[in-house]
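# Fold and geometry: a report
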Amino acid sequence: MPEPSVRALARSDLPTDLQALCTQADERAIDTTHVQVLANHPDLLRWYYDQFYQRLLYNTAGDMKVERRYKELARLKLSKHHGCQVCNRGNEIETRAVGYSQAQIDNIGNPSPAYFSDAELAVLELCEQIVLQNQQGTLSPALHRRLRAHFDDAQILELGVFASILTGFSKFLFVFDLVPRDPQCPLPTRTLTQ
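Residues numbered from 1 in each chain as written. Predicted model: local features only at pLDDT ≥ 70, side-chain atom pairs only at ≥ 80, totals over all residues. Heavy atoms only, no water.

At a minimum axis distance of 11 Å, the contact between helix H3 (residues 42-57) and helix H9 (residues 153-175) shows a crossing angle of 150°. Considered as vectors, H3 and H9 are oriented roughly antiparallel to each other. Pair H3 / H9 crosses with left-handed handedness. When H3 is examined against H9, the residues Tyr48, Phe52, Tyr53, Leu56 and Leu57 are found in contact with a partner set consisting of Glu158, Phe162, Ile165, Leu166 and Phe169. (Axes fitted to C-alpha atoms, helices over the stretch in contact; angles between N-to-C directions. Helix = DSSP H or I, 4+ residues; strand = E, 2+ residues; numbered from the N terminus. Parallel < 35°, antiparallel > 145°, perpendicular 65-115°, else oblique. Left-handed = near helix turned anticlockwise from the far one by under 90°. Contact = heavy atoms within 4.5 Å.)

Structure, rendered in structure tokens:
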């Protein structure tokens, strides 16, 4: 269970729209600590959900170039690597919702052509370069060529920015101790001191 230093607001103290985020999390059996802490800055929390997720993932403004399907795959790949229980639970639901099978979800850590298309394998490899655990990650010419077989450079940049923001946000969630962690989380659990 998270034990953040920044206080979590009581749900009853949250604005109605942010209470709805907690209700959605409850429906998925997801811990709400991150919402209740980030609600100390409601506009920041709204930016993350309304601008980042709605616009970049769900393409509500109609200006994104990459299909949501690839972004959901990237999101799950990153959360499985990073070990955020909240992210993994929600991302598995969303990945299934865009058409991925349980076998694909189960094999995301060891992707192969038996489960994924060439485009999906290239997206998963890009994620491998961006994960917290890969401090030497790079978009090599070979990986760029693999991605270019399926995406233009604008789409590759969109995938990279999307994956990087998720990776950075994962680190923020862990540093501020806002989410329960799975055992594979690369960051050590915080030691509580006076």
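Moving on, we come to the state of the cysteines. For the structure shown, the criterion picks out 0 disulfides. No disulfide involves Cys127; its nearest neighbouring cysteine sulfur is the one of Cys87, lying 14 Å away. Note on Cys185: no disulfide assigned, nearest cysteine sulfur contributed by Cys84 at a separation of 8.3 Å. Note on Cys185: relative accessible area 11%, which makes it buried. (Disulfide = S-S within 2.5 Å. Buried < 20%, exposed > 50% of the residue type's maximum accessible area, 1.4 Å probe, protein only.)

These figures capture arrangement, not role.
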